[in-house]
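Structure at a glance
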Amino acid sequence: MNGAAAQRNSPGMAVRMGIGFAALAIVVVAANLLTQSSSREARIRMHQLVTQHEPAMRATELLAATIHDYERAVVSYAEGRSRSARTVQAAAQKISDAIADYQRIAVTDDSQQASLLQLKDDLELYRSLGDALVKQTAQRQALQQEYWARFQILHAQLDAPQKSATRFAGGVFASEALLDLSRALNDVRERLFDTIGSPARVSAKSISATAVATAEAAFAAAMQRHAGNLIKTQGEPWVRDTNTQFARVVVARRSLLAAIEELGRRSAEFRDQGAAVSGLVLTQLVEPAQQALTDADQLAVRAVANADRQLALTSAVVLVLTLFISVLTVVSVAGPVRRLTRATRELAGGSIRTRVPRGGVGELDSLAGAFNAMAEQLETAEGEVRRHHAQLEARVEERTRELQQLANHDPLTQLPNRRQLFTYLDQAIDRARVNGSRMAVLFIDLDNFKTINDSLGHAFGDRVLQAVSDRLRQNTAFAGTFSARLGGDEFTVVCDPVDSVEAIQRMSLTVLEEFQRSLPIHGRDLRISVSVGAAVFPDHGKDSQALLRAADAALFRSKELGRSRATLFTPDLIEAASSRFRLEQSLRLAIERGEFELVYQPEVCFETLQTHAVEALLRWHQPDGQVVMPAQFLQIAEQSGVIMDISDWVLQAAIQEAAQWYSRTWPQARVAINVSAPQLMSGSFVEGLEALLNKYGLPPACVEIELTETVLQTGATTVAALHQLRELGVSVALDDFGTGFSSLTSLERLPLSRVKIDRSLIASIDTGTRSPAIVRSIVGLSRSLGLQVTAEGVERPAQLGHLLADRGVQVQGFLVARPLAAAKIPAFVDNSRQHLQDLMLAAPIPDMTLEVTGGASVHALRTATIKKREVTSDG
């Protein structure tokens, strides 16, 4: 009794813990007072770092950055990358603002003020040099515009007589003189391009006018050589005015080149002064500010380290006291806790009637009483647990049924999914095999479903799929069948059993008819069409995989035939699919194995008797030695996406070969390359072409991109790409002209440089009654639009005779040359003049030749050549 009373009068756990925590609090307060002074010093150092040194550092870095931006703005304007002088003015203003900010923030003594004055003087000189460079750039631009204006006047002076050329023999020779002068003038323009670059990209660089002066001298010589003939045909005032205009062009060219030389000198002077100013800012402003920031940081680090040492000592003392208080607490609490633990184990072992002896620390004694009360409550709770367990089992069973539904049905349409389809199909095949009957599978695919998603949204597309599934599930026409959704817009119907193949054909037609009726979707009547592929067991497959593969092949055939059709499987469909797959796989390996080769077919001009270009043509040398033409594999390549890899290889190989001709044996090399629609619309075609030209050192003028009208009907993206090509300097040709439905629209909208007349028109030019008129109309239309013309597929001398009637028409075909290997092109170019002359003389010229504009030129050339040969033969 007395022991229990003493237990109740002893200090409780709360009192004992309170005494220990009070002692711990005293120690912590004392340690906090010791560390406050060190922490205060560290905060002062950090405040100095933030308020004094860091703003000065930012001001110096900003000043250095504005100087760099000003130099970049001036240089960009001088080199033509920027067309606005306002950028230079804005950059100069930023330098002034940065100097003012630096003076306000960082200048605190006389030495810094002196350095700032010196920097201001240097910056003033730097900005004056920049202004001078900007003015010199404007002067260069004005001189450049003046030169090209005078050049265009001279060009128009030469071009005007050609448009109104006379029909008599003297006019013919005058026209030849004008052509000679035009070629000499074009040579002046090309030599100037080679010397200073294109008019849009002239930069301040070292230049040499020797080549330009040589070309100008050649023009003057040609003018003097033909002066007599031109005075007779054009008049002496015209000749005198032409010489005057040419002299003005020469004077303007000299002024332009002198301005460019001066621009280069001023640019170098500006860059040197910029380097000096940047060095001054670095040594006198940035580096001192960085050193001051480093010193302040070291002081702050020392203050923080001192505070850390005091904090570590205080933490050690607090830890020792905490351990001491914990030991005392454990000793007073361990006994009652052991009794409580033992009773807990017994209760956990199933002894519900276990009770804890009372006594010990007051709180633990109360805990023992609570434990005994809990043991009593456990007996009551055991019955509740059994009841809840029964409810849980019922919920698990319900959830299992829901998961089974999800595993076997499509969540959108509630039709059986692919998994349940295979299960049902295997069972149906087993039944048909046992009964000796037939069963069939229909593949149903919605036609142009992607258009519905793109135009009306995917939410509406989901409603369409639900409406289709409702029709398959509810329509009496599909009674006795099993319908499932494979995925996307593909559905499957299993007919089990079927009486005959004719019955499944009727079923396929029924499907087409059912979906020709409108589908009601949220108050709208939507008309769609479907394509159907059917396969019958055991005729077309012995198991589910083979049957589904056969139905899919039949569906693919329905799509090929134009959609909204039903096709029953035949064995040749699998063979066709396998053949397409093998061809696709072979194409993917062809580039890696080096099986592709480029051959080149010349394009020639009978007026100059020269080869002006070659067209790159693709050939595939298969491992078995067979050579496959592009028409046999390009469609598969486009469908499989391999066309991109093939097109990229063709582009690189053609440019690489043309670069070798250009740098070695054929300086006027020009290659025409066919480009596919995916390649042109990839978004990076122009950049990739420019990179290849730079890599192999080939001028853009040596490349001509050929595009069909199908490629050009792809919208604004294609037109933008073509404009980028023309800006780069690459020619663009419209291939197969005359076979599409929008040829005239293409000529009007697109930035073309050449039209290639399709071989289907050339094939009948010498036998048909309409083809000659059509070809002459195309040539005349193209000439009026400033486009060059090439005739493809010339194979007979009679065809060539009709084409010689139109001046400047280039010719391509087997009559001139078959496609040649790259190594044979230089020899053909060197030896082609005699070959072309022989073809020209052998070609019969129709009676209407001289009535066609420009035909007299080729007729005169033929006559002169024949007379020359007769004289040589007589001699």
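Throughout this document, residue positions are counted from 1 along each chain, in the order its sequence is written. Reporting in this predicted model follows two pLDDT cut-offs: at least 70 for local features of residues, and 80 or more for side-chain atom pairs to be given and counted; totals over whole chains, interfaces and linings ignore these cut-offs and use all residues. Only hydrogens and water are set aside; all other atoms, that is, all heavy atoms of the structure, feed into the side-chain values.

Ranked by internal contacts, the top residues of the largest apolar core, which has 85 residues, are Leu 587, Tyr 600, Phe 606 and Ile 705. The element best represented in this core is helix α17 (residues 643-663), accounting for 10 residues. Dropping the residues within four chain positions of it, Ile 705 is found in contact with Ile 673, Val 675, Phe 685, Leu 689, Leu 725, Val 730, Ser 731, Val 732 and Ala 733. Core analysis: the second largest hydrophobic core is formed by 32 residues, Ile 452, Phe 478, Val 498 and Ile 521 among them. To qualify as a nonpolar core, a set must consist of buried Ala, Val, Leu, Ile, Met, Phe, Trp, Tyr and Cys residues joined through side-chain atoms within 4.5 Å. Accessibility here uses a 1.4 Å probe with only protein chains present; expressed as a share of the type maximum, an area under 20% marks a residue as buried, one over 50% as exposed, and anything in between as partly exposed. Each helix is a run of DSSP H or I of at least 4 residues and each strand a run of E of at least 2, with the numbering of both proceeding from the N terminus. Between two residues, a contact is recorded if the distance between any of their heavy atoms is within 4.5 Å.

Moving on: the packing of aromatic side chains. Only centres within 6.5 Å qualify two rings of Phe, Tyr or Trp (six-membered ring in Trp) as a pair; their planes then separate them into stacked at under 30 degrees, edge-to-face at over 60, and tilted for everything else. Tallied over the entire structure, the rule returns nine aromatic pairs. The interplanar angle of 40 degrees and the centroid separation of 6.1 Å between the aromatic rings of Tyr 147 and Phe 151 together place this pair among those described as tilted. Taken together, the residues Tyr 147 and Phe 151, both in helix α4 (residues 110-163) and four residues apart, mark about one turn of the helix. With respect to class, Tyr 147 is no different from Phe 151; both count as buried. Ring plane angle 45 degrees and centroid distance 6.1 Å describe the contact between Phe 596 and Trp 649, whose orientation is recorded as tilted. You can see Phe 596 sitting in strand β8 (residues 596-605) and its partner Trp 649 sitting in helix α17, a full 53 residues away along the chain. Here Phe 596 falls in the buried class, since its relative accessible area comes to 7%. One aromatic cluster is present, built from ring pairs that chain together Tyr 147, Trp 148 and Phe 151. The criterion is that NZ of a Lys, or CZ of an Arg, lies within 6 Å of the ring centre and within 35 degrees of the ring normal, and then a charge sits over that ring. Between Arg 431 and the ring centre of Tyr 424, over which it is positioned, the NZ or CZ distance is 5.6 Å.

Think of a salt bridge as a Lys or Arg side-chain nitrogen and an Asp or Glu carboxyl oxygen that are within 4 Å of each other. Tallied over the full model, the rule gives 24 salt bridges. Of the charged contacts, one joins Lys 559 and Asp 447 as a salt bridge, the two residues approaching to 2.9 Å between their closest N and O atoms. Of this pair, Lys 559 sits in helix α14 (residues 544-560) while Asp 447 sits in the loop between β1 (438-446) and α11 (449-456), placing them 112 residues apart in sequence. Overlapping salt bridges bring together Glu 603, Glu 615, Glu 706, Lys 756 and Glu 792 as one network.

Over the atoms, a rolled probe matching the size of one water molecule traces out where space is still vacant. A 1.4 Å probe that fits into a set of points on a 1 Å grid over the protein atoms alone but cannot get out defines a cavity; an open set with protein on both sides within 12 Å along at least five of seven lines defines a pocket, and lining residues are those with an atom within 4 Å of a point. Grid points are joined across faces, edges and corners, and a volume is the space filled by probe spheres set on the points. Considering only enclosed or pocket space, the second largest pocket measures out at about 1,100 Å³ in volume. Lining the second largest pocket are 41 residues, with Glu 615, Pro 630, Leu 634, Asn 674 and Asp 735 positioned closest to its centre. When the residues that make up the lining of the second largest pocket are grouped by side-chain class, the tally is 21 nonpolar, 10 polar and 10 charged. Residues are grouped as follows: Ala, Val, Leu, Ile, Met, Phe, Trp, Tyr, Cys and Pro are nonpolar; Asp, Glu, Lys and Arg are charged; all remaining types, including Gly, are polar.

Further remarks concern the environment of Ala 78. Its place among the elements puts Ala 78 in helix α2 (residues 13-78). When its relative accessible area of 3% is taken as the criterion, Ala 78 is described as buried. For the pair Ala 78 and Arg 140, spaced 62 residues apart in sequence, the C-alpha separation works out to 9.5 Å. Every residue in contact with Ala 78, bar those within four places of it in the chain, is listed here: Leu 133, Thr 137, Arg 140 and Leu 263.

With that out of the way, let us pick up the packing of α17 against helix α19 (residues 685-696). Only the contacting stretch of a helix is used when fitting its axis, a line to C-alpha atoms as for every element, and angles between N-to-C directions run 0 to 180 degrees. At a minimum axis separation of 10 Å, α17 and α19 run at an interaxial angle of 30 degrees. Relative to α19, the element α17 is oriented roughly parallel. The chirality of how α17 crosses α19 is right-handed. Touching Leu 651, Gln 652, Ile 655, Gln 656 and Ala 659 of α17 are Phe 685, Leu 689, Leu 692, Leu 693, Lys 695 and Tyr 696, all from α19. Among the residues making up the contact of α17 with α19, the classes are represented as eight nonpolar, two polar and one charged. Orientation labels follow simple angle bins: below 35 degrees gives roughly parallel, above 145 gives roughly antiparallel, 65 to 115 gives roughly perpendicular, and whatever is left gives oblique. We call a crossing left-handed when the near helix sits turned anticlockwise from the far one by less than a right angle, and right-handed when that turn is clockwise.

This part takes up the sheet that holds strand β3 (residues 490-498). The strand order across the open sheet built from five strands is β2-β3-β1-β6-β7, with neighbouring strands paired in mixed fashion. Unpaired on one side and paired on the other, β2 (481-487) and β7 (566-568) mark the two borders of the sheet. Between one strand axis and the next, the sheet turns through 20 degrees on average, direction left out of account. Only strands that DSSP links by at least two bridges are regarded as paired with each other. Two elements, β1 and β3, share seven bridges in a ladder whose sense is antiparallel.

Here we take up the pairing of strand β6 (residues 530-537). Counting buried positions along β6 gives eight out of eight residues, so the element sits mostly inside the fold. The alternating pattern of β6 places Val 530, Val 532, Ala 534 and Val 536 and Ser 531, Gly 533, Ala 535 and Phe 537 on opposite faces, both of which are buried. For β1 and β6, the ladder comprises eight bridges, and the chain directions are antiparallel. Paired with Asp 445 across the strands is Ser 531, a residue of β6.

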